[in-house]
Protein chains: 2
Amino acid sequence: MAEAGLAADKVDGGVRSIARAVDVLRLFDVDHPRRTLREIVALTDLPKTTAVRVLATLDALGLIVDLRDSSYSLGAGFLRWVDLAGSLWEVGADTRRVMTRLVDTCGETVNVYIRRDLSRVSIAQVEGTATVRSVVKTGVPYPLETGAAGKILLGGASESVLRQLHERRPDLDLDSLCREVLGIRQAGYAVTHGERELGASAVAAPILSADGRVLAALSIGGPTSRFTADRVVRYVDAVTESAAEIGSIGLGSVEAFL
Amino acid sequence: MAEAGLAADKVDGGVRSIARAVDVLRLFDVDHPRRTLREIVALTDLPKTTAVRVLATLDALGLIVDLRDSSYSLGAGFLRWVDLAGSLWEVGADTRRVMTRLVDTCGETVNVYIRRDLSRVSIAQVEGTATVRSVVKTGVPYPLETGAAGKILLGGASESVLRQLHERRPDLDLDSLCREVLGIRQAGYAVTHGERELGASAVAAPILSADGRVLAALSIGGPTSRFTADRVVRYVDAVTESAAEIGSIGLGSVEAFL
């Protein structure tokens with residue numbers, strides 16, 4: 001699954017080493033608790049000597065643990081941020097209950113996405129019940145311009161966000177994207193098939209603040225083969241209803257950042 | 001409470017920017033979810049322009065969120081590591097039950113410390129019941145050469161660790177430290193008062209692997225005023241018993257790193 005590019009590509013020379021370190025750390029997640037040096041070199045495109053130096057630095061800082069067999073894992077130093085990140089960014093228990101009920105209704109994975117600059121990031125996820133299911137990761141930036149949740153978030157973004165997006169991706173047809181986003185905004189929901197990834201479909205609706213701002217997008221995602229027309233109709237009803245419910249409850253402490 | 005120094009002091013120029021970024025991130029924890037630019041500058045000793053650049057870089061990477069009022073918090077990007085760090089480094093549920101029972105017995109805060117190079121880090125904590133209590137943080141490196149848990153961990157470390165410690169702190173009386181550590185190792189427990197911090201006492205015992213290696217130290221910590229002689233006797237019994245029990249259960253998946 002394509003993330004929104006390597007961090008080191010995005011920033012200038014003076015801060016490149018920070019971005020490189022973050023690129024290395026981003027290789028580790030629940031599905032990849034260990035990485036070999038070979039993988040790290042291949043996935044970051046760093047020269048081997050640079051990768052080794054970055055790993056040694058992160059090891060000294062407690063953020064990486066060298067398993068002494070040319071493989072690495074995440075260090076205990078992360079524990080200091082675990083509770084804080086969870087408490088800052090996790091949605092409230094009531095929101096999670098609404099999400100769980102939505103999963104019970106439709107069987108597919110449900111996410112709450114927020115916009116971070118030109119990306120979207122899931123801050124909460126309840127996994128679907130089927131074996132084949134959507135596997136986006138929380139905390140990971142995905143493109144804003146593709147997928148139902150991205151379009152919903154664009155509907156709440158300023159024009160300058162659309163312009164910046166166009167600067168980054170001059171191949172985008174800005175006029176047509178604007179029209180689409182406006183249409184979605186008026187409809188109050190978005191349905192996409194295979195936009196971000198072939199075979200992946202999603203239905204999303206905006207979570208609004210009391211004063212009508214788009215705080216987040218609630219989305220149902222899963223394999224296109226299961227997103228048949230009759231089901232999509234039901235999903236649209238379910239997701240818009242749940243998003244409205246979350247909007248009236250409030251997202252929890254995370255709203256302070258949105 | 002003194003941590004084991006700022007990260008940026010420990011590494012050479014080429015990787016200094018990574019260490020600076022980590023120094024900034026380390027200012028955020030459950031007790032400090034927000035930091036002003038002024039605090040960040042004061043606590044890291046970075047020039048203001050450097051601090052602003054590091055913060056902007058971390059913001060672009062999703063690890064810091066700029067709250068637009070000259071204050072900052074931890075970014076949603078950390079969510080990707082929350083589950084992994086928790087699952088890698090958290091001790092098993094059985095261990096946590098033993099720790100909770102120990103807190104119920106003695107009322108003081110209980111920690112499991114591991115050695116990370118020349119530091120000790122708590123990977124699990126159950127807080128005591130009193131208002132005045134020990135406030136070490138999980139995931140944060142503390143000096144290895146002070147405190148009961150540090151002495152226990154030194155008892156399991158190789159001579160080269162003691163030598164490196166002496167290189168870093170030439171003021172340490174290595175002979176006397178070696179004798180003390182050997183004595184503690186034979187006794188099977190350590191008691192310290194005010195070593196790491198005036199007014200803080202601790203009682204600790206080793207958690208051993210099946211083949212007798214020191215994996216971790218289990219410690220009871222709290223204000224010296226409550227660590228009276230008669231209580232310490234009971235705490236020593238309780239902590240050695242609990243440490244033995246955890247050793248026979250096993251620490252959980254974290255043992256793979258120890």
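Thresholds applied
Residues numbered from 1 in each chain as written. Chains lettered and ligands numbered in written order. Predicted model: local features only at pLDDT ≥ 70, side-chain atom pairs only at ≥ 80, totals over all residues. Heavy atoms only, no water. Contact = heavy atoms within 4.5 Å. Buried area = accessible area lost by both parts, 1.4 Å probe. Salt bridge = Lys/Arg side-chain N within 4 Å of Asp/Glu carboxyl O. Polar contact = N/O pair within 3.5 Å; in protein donor to acceptor, adjacent residues only side chain to side chain. Helix = DSSP H or I, 4+ residues; strand = E, 2+ residues; numbered from the N terminus. Buried < 20%, exposed > 50% of the residue type's maximum accessible area, 1.4 Å probe, protein only. Pairing = 2+ DSSP bridges. Axes fitted to C-alpha atoms, helices over the stretch in contact; angles between N-to-C directions. Least-squares fit on C-alpha atoms with pLDDT ≥ 70 in both. Core = buried A, V, L, I, M, F, W, Y, C linked by side-chain atoms within 4.5 Å. UniProt positions renumbered as here; feature names shortened; annotations may be inferred.

A few points about the interface of chain A and chain B
Interface size is often expressed as the accessible area that is lost when the parts come together. At the junction of the two partners, chain A supplies 55 residues and chain B supplies 54 residues. With both sides pooled, the region where chain A packs onto chain B buries about 4700 Å², and carbon together with sulfur makes up 69% of that total. Ranking the residues of chain A by area buried against chain B places L79, R80 and W81 of chain A at the top, with a combined share of 17%. The salt bridge involving R116 of chain B is made with D59 of chain A; its shortest N-O contact spans 3.0 Å. In this structure, the connection of chain A to chain B is made through 17 residue pairs in polar contact (both at pLDDT 80 or more). Listing elements by their share of the side of chain A that touches chain B, those giving two or more residues are helix 1 (16–25), helix 3 (48–60), strand 2 (64–66), strand 3 (71–74), helix 4 (79–89), strand 4 (109–116) and strand 5 (119–126) of chain A. Broken down by element, the residue count for the side of chain A that touches chain B peaks at 10 residues, all from helix 4 of chain A.

Observations concerning the environment of R120 of chain B
Residue and element names in this part refer to chain B. Turning to its location among the elements, R120 is positioned in strand 5 (residues 119–126). With a relative accessible area of 3%, R120 lands in the buried category. Considering only alpha carbons, one finds R120 and R38, 82 residues apart in sequence, at a separation of 30 Å.

Section: the sheet that holds strand 2 (residues 64–66) of chain B
Strand order across the open sheet formed by three strands is 1-3-2 (chain B), with antiparallel pairing between neighbours. Strands with a single pairing partner mark the edges of an open sheet, and in this sheet they are strand 1 (34–36) and strand 2 of chain B. Adjacent strand axes in the sheet meet at a mean angle of 30 degrees when their direction is disregarded. With three bridges joining them, strand 2 of chain B and strand 3 (residues 71–74) of chain B adopt antiparallel strand pairing. Bridging from a neighbouring strand, V65 of chain B pairs with S73 of chain B of strand 3 of chain B. Sheet contacts for helix 4 of chain A: strand 2 and strand 3 of chain B; angle to strand 3 of chain B, the most-contacted strand, approximately 105 degrees. Packed onto the sheet, helix 3 (residues 48–60) of chain B meets strand 2 and strand 3 of chain B and runs at close to 110 degrees relative to strand 2 of chain B.

Remarks on the pattern of salt bridges
Across all of its chains, the model carries 27 salt bridges over all chains by this definition. Measuring nitrogen to oxygen at the nearest pair gives 2.9 Å for the salt bridge that ties R169 of chain A to E145 of chain A. Placement of R169 of chain A in the loop between helix 7 (159–168) and helix 8 (174–187) and of E145 of chain A in the loop between strand 6 (141–143) and helix 6 (148–155) is noted, with a sequence separation of 24 residues between them. Measuring nitrogen to oxygen at the nearest pair gives 3.8 Å for the salt bridge that ties E145 of chain B to R168 of chain B.

Focus on the relation of the copies chain A and chain B
Each copy superposes on the other: chain A lies on chain B with an RMSD of 0.2 Å after a rotation of 179 degrees and an axial shift of 0.1 Å. Those values place the two copies in the arrangement expected of a two-fold rotation axis. Looking at chain A, 98% of its interface residues are interface residues in chain B too, so the copies touch through the same face.

What about the nonpolar core?
One recurring pattern in soluble globular proteins: nonpolar side chains tend to sit buried together. W89 and L218 of chain A together with W89 and L218 of chain B are the most contacted members of the largest nonpolar core, which has 124 residues in total. Ignoring any residue separated from it by four or fewer positions in sequence, one finds W89 of chain B in contact with V65, L74, G75, A76 and L79 of chain A together with I114, I123, V254 and F257 of chain B.

Focus on the UniProt feature "domain: HTH iclR-type" (unreviewed entry) in chain A
This chain's UniProt record puts "domain: HTH iclR-type" (unreviewed entry) on residues 15–76 of chain A. The span residues 15–76 of chain A shows a helical share of 50% and a strand share of 16%, and its end C-alpha atoms are spaced 25 Å apart.

Some thoughts on the pairing of strand 4 of chain A
Where burial is concerned, most of strand 4 of chain A is hidden: seven out of the eight residues are buried. Hairpin remark: strand 4 of chain A followed by strand 5 of chain A, antiparallel, with two residues in the connecting loop; positive phi at D117 of chain A, about 50 degrees.

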